[in-house]
Amino acid sequence: MKKVIAIVALVLGVTFSANAQDKMMKKAQKTISLEQTSGEFTQKQITVSPGTYVFEIANNAVGHDVGFVLVQKGKDISKPENHIQTAYVTEVVATGKTQKSKPTTLAKGEYVYFCPMNPTATDNTLIVQ
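Here is what the cut-offs are and how they apply
Residues numbered from 1 in each chain as written. Predicted model: local features only at pLDDT ≥ 70, side-chain atom pairs only at ≥ 80, totals over all residues. Heavy atoms only, no water. Helix = DSSP H or I, 4+ residues; strand = E, 2+ residues; numbered from the N terminus. Buried < 20%, exposed > 50% of the residue type's maximum accessible area, 1.4 Å probe, protein only. Contact = heavy atoms within 4.5 Å. Areas by Shrake-Rupley, 256 points an atom, 1.4 Å probe, with all protein chains shown as cover. Phe/Tyr/Trp six-rings, centres within 6.5 Å; stacked < 30°, edge-to-face > 60°. Salt bridge = Lys/Arg side-chain N within 4 Å of Asp/Glu carboxyl O.

Participant: Pulling in residues and values, what's your account of the overall build of the protein chain?
Facilitator: The secondary structure content of the protein chain amounts to 1 helix and 9 strands. The N-to-C order of helical and strand elements in the protein chain reads α-β-β-β-β-β-β-β-β-β. Taken across its 129 residues, the protein chain has 33% of its residues classed as buried. Considering only contacts within the protein chain whose residues lie at least 6 apart along the sequence, 60% involve residues at least 24 apart. For the protein chain, the exposed surface amounts to about 7900 Å²; the carbon and sulfur share of it is 57%.

Participant: Let's hear about the environment of Leu-70: which residues, and what values?
Facilitator: The residue Leu-70 is located in strand S5 (residues 69-72) in this model. Note on Leu-70: relative accessible area 0%, which makes it buried. Spatially, the C-alpha atoms of Leu-70 and Tyr-111 are 6.7 Å apart, while their sequence positions differ by 41 residues. Aside from chain neighbours lying at most four places away, what touches Leu-70 is Phe-55, Asn-82, His-83, Ile-84, Ala-87, Leu-106, Tyr-111, Val-112, Tyr-113 and Leu-126.

Participant: Report on unusual backbone geometry, specifying residues and quantitative values.
Facilitator: A negative phi holds for most residues other than glycine; trans holds for most peptide bonds. A positive phi is found at Ala-61, a non-glycine position, where the angle reads about 60°. Structurally, the position occupied by Ala-61 is in the loop between strand S4 (51-59) and S5. Judged by its relative accessible area of 56%, Ala-61 is exposed.

Participant: With reference to specific residues and values, describe the packing of aromatic side chains.
Facilitator: This model, assessed by the stated rule, comprises 4 aromatic pairs. With a centroid separation of 5.0 Å and 85° between ring planes, the pair formed by Phe-41 and Tyr-113 is classed as edge-to-face. Separated by 72 residues along the polypeptide, Phe-41 in strand S2 (residues 40-41) and Tyr-113 in strand S8 (residues 109-114) bring together distant segments of the chain. Taken individually, Phe-41 and Tyr-113 each receive the classification buried, so the pair is uniform in this respect. In textbook terms, an aromatic cluster arises when at least three aromatic residues are bridged by ring pairs, as seen for Phe-41, Phe-55, Phe-68 and Tyr-113.

Participant: I'd like to hear about the pattern of salt bridges, residue by residue, with values.
Facilitator: For the structure on display, the rule yields 3 salt bridges. In this structure, the salt-bridge partner of Glu-40 is Lys-44, at a minimum N-O distance of 3.1 Å. Residue class for Glu-40 comes out partly exposed when judged on its relative accessible area of 36%. Glu-110 is the partner of Lys-73 in a salt bridge, and the nearest nitrogen-oxygen pair spans 3.2 Å. With Lys-73 in the loop between S5 and strand S6 (98-100) and Glu-110 in strand S8, this pair connects stretches of sequence that are 37 residues apart. Accessibility expressed as a relative area gives 35% for Glu-110, which makes it partly exposed.

In short, the description is geometric, and any link to function would need to be established separately.
Laid out in structure tokens, this is it:
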């Protein structure tokens, strides 16, 4: 009987701990909202503090699906292994819609972002300082 009570207490403790961590992560992450129009992002440069961010990408009348790619500045953007894959939107963004990425932790430095589906310029800059 003692073992059953100990197991139930352990399961409840783990469950509450996981829920608390989920809530803390959601509070700790911030959102970076970016809008794409035909052939470009409306925001060319963004400056933020280090931390965890979700990218929210809006498709404003592009006329076809768009996406989002984030790469640390100086790395070859044509190589998918250099892309920060958590920053990809979880689904392509249809015209008039908005989609989000997974939480992405950004350290100090410079990053470039672009959309190969639109296609946008590859000189849009995200500065983390």
